[in-house]
Amino acid sequence: MKRRLSVLLVAVMLLTMICTACGSKETEGTEEKKEETTAAEDETKEDGEEYHIAIVTPTLSVSEDEFRAGEQLMEEYPDVVTHLVLPEKFDTEIEGCISTIVSAADDPLMRAVIVSSGQSGLIPAFQQLKEKNPDIITISSAIYDEPDMMSENIDLNLDMDAIRRGETIPTKAKEMGAKTFIHYSFPTHLAKPTITARRDKMKETCKELGLEFVEVITPDPQTGNGPEAMQQFLQEDIPRQIEKYGKDTNIFGTNCPMYDVILAKALELKFTVAEQCCPTPTQAYPTVLGLEIAEEDATNFDKINQMIAEKVDAQEMKGRLSGWPIPVTIFLPKFGVEVAREMIANPDFDPNNAENLGKLAKEKFGLDVDFQQYMDYENYYMFIMESIYY
């Protein structure tokens, strides 16, 4: 009897050991995930306290890039970032836009609000945010109110340097082998001070570099028959210009719909395109090159850029097309949130410093981004991003 009892006890002990070992293996991955989650949660705390950041964007239909950036930020920092979406129609719902932004201050843990909407009329929202909570960090990335009002009422203002591109684009075109620089635009665009100032800077830079500057006016899509008439004009005029000036020509257009034609003609006629008006891999390239981009890769710009490069190389155009590695409308909202996180985590970080902003962009995005102070506004910075050559 004692012998049987001993055998039974041994069997129970062995079974317990086996179950314990199995349980350890099954929970090992779970424990690792818990540790990763805990580490991520620790990043949301300053001195042991949680904090929240709001990113404000338009709707998906108004600005897909900015909206998706907001969604991705919530996924990346689920315990930190809140994504607030503005009403669909800015012009008729400005009060709704303002109240949406100001509502962020109702959260007692809110430490920063970043607005990436590309609109004007929002200064009252920033004023009301500060009235409700003077300690909230406010960042525009980007909006378009008067610079002096933005500087006075917003802690940090960020935007792409459109005017400086009037120098960098012709310079890059020259480096890519261009001898002629053709500028396509239309009257309602040229009535905008920024477009005209950039055009004038391009003309000035071309003269300094020895490039011939050619200005061509297209049918106006905003007052005529829409973009179709403008695109048809480009279809007919670009071959005439390349026949006249040769393949060592760079073409720049001021309007996004132009690039479905410009890039297609570049592949056909072999001229250069140093940058589009909006220098992004998702402008015209996917359509013109017939790229099949899976939904999960919609913002995988390393993969998209590789796909573009392969297609361009296959058409013997390597090095004659260029742009920026990611869309500005993706970079700006994400960078704004990273600046806020750095300001909260590191009180010694000074965001009103071009060198600090550039270092942070390199650290977080792996990109060289050149920030410069805008005029004499100490908290307003414009940037140019590094290029990618396909």
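> Before we go on, may I ask you to explain the overall build of the chain in this structure?
Secondary structure assignment for the chain yields 14 helices and 14 strands. Across the 390 residues that make up the chain, the buried fraction comes to 48%. Looking at the chain alone, contacts between residues at least 24 apart form 69% of all its contacts between residues at least 6 apart. Accessible surface for the chain amounts to roughly 19,400 Å². Of this, 50% is attributable to carbon and sulfur atoms.

> Sorry if this is basic, but what is going on with the packing of helix α3 (residues 94-102) against helix α4 (residues 123-132) here?
Relative placement of two packed helices is described by the angle separating their axes and the distance separating the axes. Two elements in contact, α3 and α4, have axes whose closest approach is 9 Å; the angle formed by their N-to-C orientations is 30 degrees. The pairing of α3 with α4 is recorded here as roughly parallel in orientation. Judged by the sense of rotation from one axis to the other, the crossing of α3 with α4 is right-handed. Across from I98, I101 and V102 in α3, the residues of α4 making contact are P124, A125, Q128, L129 and K132. Among the residues forming the contact of α3 with α4, the class breakdown is 6 nonpolar, 1 polar and 1 charged.

> For this particular structure, what's the right way to read the sheet that holds strand β4 (residues 81-85)?
Strand pairs in the sheet, formed through backbone hydrogen bonds, run parallel or antiparallel to each other. Ordered in space as β4-β3-β5-β6-β7-β13-β12, the 7 strands form an open sheet in which the pairing is mixed. The sheet terminates laterally at β4 and β12 (369-373), the two strands that pair on one side only. On average, adjacent strands in this sheet sit at an angle of 20 degrees to one another, irrespective of strand direction. Here 4 bridges tie strand β7 (residues 156-160) to strand β13 (residues 380-385), and the two strands are oriented parallel to one another. When the sheet's bridge partners are listed, N157 is paired in β13 with Y380.

> Could you clarify how one ought to interpret the sheet that holds strand β9 (residues 212-217) in this entry?
If you walk across this open sheet you meet the 3 strands as β9-β8-β10, and the pairing is parallel. Two strands bound the open sheet, and with one partner strand each, they are β9 and β10 (249-253). If you compare each strand with its neighbour and ignore which way they point, the axes differ by 20 degrees on average. Inspection of the sheet shows strand β8 (residues 180-185) paired to β9 by 6 bridges, in the parallel sense. Residue Y184 lies in a different strand from β9, and its bridge partner there is V216. Lying on the sheet, helix α8 (residues 193-209) is in contact with β8, β9 and β10; it crosses β9 at an angle near 150 degrees.

> Would you mind showing me how to read α4 here?
Because an α-helix packs 3.6 residues into every turn, residues spaced three or four apart end up facing the same way. Along α4, the residues classified as buried are I123, A125, F126 and L129. Viewed along the axis of α4, the buried residues span an arc of 165 degrees, placing them on a single side of the element. Buried-residue contacts for α4 involve α3, β5 (110-115), β6 (137-140) and α5 (147-153).

The rules behind each value
- Residues numbered from 1 in each chain as written.
- Predicted model: local features only at pLDDT ≥ 70, side-chain atom pairs only at ≥ 80, totals over all residues.
- Heavy atoms only, no water.
- Helix = DSSP H or I, 4+ residues; strand = E, 2+ residues; numbered from the N terminus.
- Buried < 20%, exposed > 50% of the residue type's maximum accessible area, 1.4 Å probe, protein only.
- Contact = heavy atoms within 4.5 Å.
- Areas by Shrake-Rupley, 256 points an atom, 1.4 Å probe, with all protein chains shown as cover.
- Axes fitted to C-alpha atoms, helices over the stretch in contact; angles between N-to-C directions.
- Parallel < 35°, antiparallel > 145°, perpendicular 65-115°, else oblique.
- Left-handed = near helix turned anticlockwise from the far one by under 90°.
- Nonpolar A, V, L, I, M, F, W, Y, C, P; charged D, E, K, R; others polar.
- Pairing = 2+ DSSP bridges.
- Arc of directions from axis to C-beta.

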